[in-house]
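Here are the chains, one letter per residue:
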Amino acid sequence: MESDSGPLVVGLRDLSSGDVALAGGKGANLGELVRGGFPVPDGFVLTTAAYRIAAAQAYADPNDPQGAAERLRAVAVPPIVAEGLLEAYHALGSVPVAVRSSATAEDLPEASFAGQHDTYLGIVGDDALLDATRRCWASLWTDRAVAYRRANAIDARGVALAVVVQKMVDATAAGVLFTADPLTGTRRRAAVDAVPGLAEALVSGEVTPDHYAVDTAKGSVVRSRISGSVPVLGGHELAELAAVGDRVEGLFGAPQDIEFALDAERRPWLVQSRNITTLYPLPAGAPDPARDLRVYLSANVVQGYFEPITPMGMQFFRLLGSGMSGALGGRSRGAIAPRDVAAGPSMVVEAAMRLHVDVTGPLRDPIGHRLLRLVAGVAESRSSALLAVLANDPRFSPRSRSKASSLRRIAEPLLRLGVPPRALRTLLVPGRAPRRLSRELDAIARPLMPTDGDASAHLDAVERLVVEAPPRMFPRFVGTLAPAMLSLGLAGRLLGGRASPDELRTVTRGAPRNPTTEMDLALWQVGATARRDPSSRTALIDRPPIELAQDYRAGSLPPVLQTALADFLSRYGFRCISEIDIGTPRWSEDPTHLLGALANYVRLGNELPDPEAQFAKGAREADAMVEELLGRVHGARRAALRLALRRVRLLIGMREAPKFHLIRLLASPARELLKPVGAQLAEDHRIDDPSDVYFLTVPEARRALAGQDLRAVVAERRAVFARERKRKHIPRVLLSDGTDVEAMIGASAGGDLTGTPASPGVVTGRARVILSPEGARLEPGEILVAPSTNPGWTPLFLTAGGLVMEMGGAMSHGAVVAREYGIPAAVGVPGATERIRTGTIVTVDGSRGTVSLDEAAP
């Protein structure tokens, strides 16, 4: 039967996964299962066309969801709809049926809507079926469904709901089968929850199910938890279910969440299948983990950056990786061919539009795994701890290479690139290191930046700059930083047990030549200047930052503020919150965030501590600590310690110099070089907007210049990018079988949270959880709880009483700045932004790295 808007009833066998608009997600997937030959109870779908007729008759208004639900429950099923529904029901034999909601916005790749709409089991008779249908329609507008749509940015005006009607299975057992472990993400590790009889009690949470984990490839049960006196499912039944689930996963091309029932003969029937939307995706082209299990370290997490990276931003890292691979000997080992510079080396891996590094090789190396953990620990201590666990995993045991061979392999490129003599020069003349580094880096990068040429020439320049400059920069970075870290390590060894970690961290406070500190002081000066000028002060307090940014670009801010901000941007405008992604605008392009920070400075006024005084205090405390530590040793040991600590004071501030210069001389210039390319492609209608060029790769941009229309490609990537911005969890360390190593190991569930000590001291205050610094405010004394921080966050540190970060290590950006400001900090605290809520009273012990929660406090 059909209406003017389409068929009202369609049999499951006539549907496929492409029929979501007609049958909803559940109905379309069931139709695909039938077409794939899987056991699905016979039935049909009352389509969305029927819903729309009923909704129109009931005057259901999407802007009044409560009223819409009430009207749909009360309305009589329209005669044309009732006739088609009952005719199909009678054709089934008027047997007991399951009646399930199937919305157009559920069981989608990005949003499952699991449990958001109603299901009714054991429905018998015409009246009961009509009533269940009305209640399913009404469930489209329940509070939980409306909230879920809002959270997933789904327009309520476009949603509709079909109703699936199927013969009931006389179930002796039922449950849910996940074809991948939903907690750890491990693929081909089926997770099964099962109960006797129908699954309704399981879904509602009324009973505790049996839980099983099954190795799909082997068909063996690897873990079981039985809730009753006997298991609900036997081993052969679990193996059969896992095999069926594996085939369903193959049908849909993604891990599945499947509801099943076993009939009296213990035959499995599938009553629902949807994508598991919470899994972290695997990198494209990952090898079969059964043959070659790989380890991926999240570079996003190490950098404290959770946002997805644009395709051109990822291209930047592939080009950089190509240059470094060649310099360190990658090409000689066949890791990359010169013609593949845009593809990058195999160790540069993308998943969920985020950057990962394949560290399997170093992890299996007898020396490399120690260096890997050491380097990772500097920036992200928790990642280092996870790598330590994997280093003891038999699956990643060292290969046959000897330690001597490993040392030669590591030392050879460092010697060839001239790192040792540069490090020695830095040790001998540390005072000249910062200016020498900046001068040499400028001499490397500036000649690679053209000032003219067409769009194609600019693409050539991007490749040349990002591939050729890093190998020459790398030995200079290492030659500058290694002496600082080695000097700090030597000082610790010379002192032995005579100094605590807190005391050694104090030595690093107020260090000169820290580019981020210098930037913070410069921004503070802009705020102080604006605060003294009445018109600037009024503008910052009374007007939103986005308007002020527009005025800055038009040159119409109050003159004092316009001049001060322009001077700041002339020095630091190449930076921004998301600066590692060349696809994001720099502060020079959009200073909205800076103007928001300046407004906060002006608003709080004298309540803010003077950062210049804070830094000076930190420097005095560091100098006093140096003298204190020198007094604890004598003779030659004291002379050596003095030398080491002097170099720590002179060089440790340059810890942030490599990133500063990479952004200044590579990332931001590459972004500028791409602007004419974007303008040309937009003018030629190959893309819609010049900024769309950042959603292409360099080879794709070349093809677009040659005439290829890439507007559809960009639109699809922008949609995925927007969806990825909502992802809440990024695994620190991911295995190529999908396993989130941290989830596999498990975290403490105790009342206190534990991370890494970062800045000494103890503070108790009210927590404020901030996920992004854009538009954020922090009241004086509040504890800043953040996923991570980068230079864009540091204005908030002026008001923070303490810092808690989910990511980071003792030398990460947040830890360094916290010490500069003298605020207690704990970093690398797993789950901090989830366990701590804004307003909770917390105590941060920066010396122990612990966070205590007083959730009962008002």
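Heads up: the structure comes first, above all this text.
Residues numbered from 1 in each chain as written. Predicted model: local features only at pLDDT ≥ 70, side-chain atom pairs only at ≥ 80, totals over all residues. Heavy atoms only, no water.

Each strand in a sheet pairs with another by means of backbone hydrogen bonds, the pair being arranged parallel or else antiparallel. The eight strands lie next to each other as E18-E25-E24-E20-E21-E22-E23-E19, forming an open sheet whose pairing is mixed. Looking at strand neighbours, the two that pair on one side only are strand E18 (753–754) and strand E19 (756–759), the edges of this open sheet. Bridge analysis of strand E20 (residues 762–769) against strand E21 (residues 783–786) gives three bridges, and the strand direction is parallel. Paired with Ala-767 across the two strands is Ile-783, which belongs to E21. Against the sheet, helix H30 (residues 813–821) makes contact with E19, strand E22 (802–805) and strand E23 (825–827), and its axis sits at roughly 45° relative to E19, the strand it touches most. (Pairing = 2+ DSSP bridges. Helix = DSSP H or I, 4+ residues; strand = E, 2+ residues; numbered from the N terminus. Contact = heavy atoms within 4.5 Å. Axes fitted to C-alpha atoms, helices over the stretch in contact; angles between N-to-C directions.)

Attention shifts here to the sheet that holds strand E5 (residues 97–103). Taking strand neighbours across the sheet as the criterion, the five strands line up as E3-E4-E7-E5-E6 in an open arrangement whose pairing is antiparallel. Two strands in the sheet have a free side with no partner beyond their single neighbour: strand E3 (9–11) and strand E6 (119–123). Between one strand axis and the next, the sheet turns by 20° as a mean value, whatever way the strands run. Relative to E6, E5 runs antiparallel, the two being bridged by three bridges. From the neighbouring strand, Val-97 faces E6, where its bridge partner is Ile-123. Where helix H1 (residues 20–35) meets the sheet, its contacts fall on E3, strand E4 (43–46), E5 and strand E7 (161–167), and the angle it forms with E5 comes to roughly 125°.

Our next topic: the pattern of salt bridges. Applying the stated criterion across every chain, the model contains 47 salt bridges. When the shortest N-O distance is used, the salt bridge between Arg-294 and Asp-292 registers 3.2 Å. On the accessibility criterion, Arg-294 (19% relative accessible area) is buried. Taking the shortest distance from any N to any O, the salt bridge between Glu-440 and Arg-425 comes out at 3.2 Å. With Glu-440 in helix H16 (residues 433–445) and Arg-425 in helix H15 (residues 419–428), the pair connects residues that are 15 residues apart, well separated along the chain. (Salt bridge = Lys/Arg side-chain N within 4 Å of Asp/Glu carboxyl O. Buried < 20%, exposed > 50% of the residue type's maximum accessible area, 1.4 Å probe, protein only.)

Here we come to helix H22 (residues 559–572). The first and last C-alpha atoms of H22 sit 20 Å apart over 14 residues, in line with the 20 Å expected at 1.5 Å per residue. Those residues of H22 that fall on the buried side of the exposure criterion are Leu-561, Gln-562, Ala-564, Leu-565, Phe-568, Leu-569 and Tyr-572. Those residues of H22 that are buried are in contact with helix H19 (515–532), helix H20 (534–542), helix H21 (545–554), helix H23 (592–604) and helix H26 (657–683). (Expected span 1.5 Å × (residues − 1).)

A separate point is the nonpolar core. Within the largest apolar cluster, 130 residues are counted, with the highest numbers of intra-cluster contacts made by Phe-316, Met-473, Leu-540, Phe-568, Leu-598, Leu-784 and Phe-797. Not counting chain neighbours up to four residues away, the residues in contact with Phe-797 comprise Leu-784, Thr-789, Leu-803, Gly-814, Val-817, Ala-818, Tyr-821 and Ile-823. Formed by 43 residues, the second largest nonpolar core is a distinct cluster that contains Val-9, Ala-69, Ala-88 and Ile-123. (Core = buried A, V, L, I, M, F, W, Y, C linked by side-chain atoms within 4.5 Å.)

A separate point is the side chain of Ser-298. Within the secondary structure, Ser-298 sits in strand E14 (residues 295–298). The class for Ser-298 is buried, based on a relative accessible area of 0%. Side-chain polar atoms of Ser-298 contact the backbone nitrogen of Asn-300, separated by 3.4 Å. Setting aside anything within four residues of it in sequence, one finds Ser-298 in contact with Leu-355, His-356, Ile-730, Pro-731 and Arg-732. (Polar contact = N/O pair within 3.5 Å; in protein donor to acceptor, adjacent residues only side chain to side chain.)

Moving on: the packing of H22 against H23. Their axes nearest at 12 Å, the elements H22 and H23 cross at an angle of 125°. Taken together, the axes of H22 and H23 lie oblique to each other. As H22 packs across H23, the resulting crossing turns out to be right-handed. Along the contact surface, H22 presents Leu-561, Leu-565, Phe-568 and Leu-569, while H23 presents Leu-594, Leu-595 and Leu-598. When its residues are assigned to classes, the contact of H22 with H23 shows seven nonpolar, no polar and no charged. (Parallel < 35°, antiparallel > 145°, perpendicular 65-115°, else oblique. Left-handed = near helix turned anticlockwise from the far one by under 90°. Nonpolar A, V, L, I, M, F, W, Y, C, P; charged D, E, K, R; others polar.)

Below, the discussion takes up the side chain of Thr-133. On the secondary structure map, Thr-133 appears in helix H5 (residues 126–138). With near-sequence residues (within four places) excluded, Thr-133 lies in contact with Leu-46, Leu-85 and Val-163.

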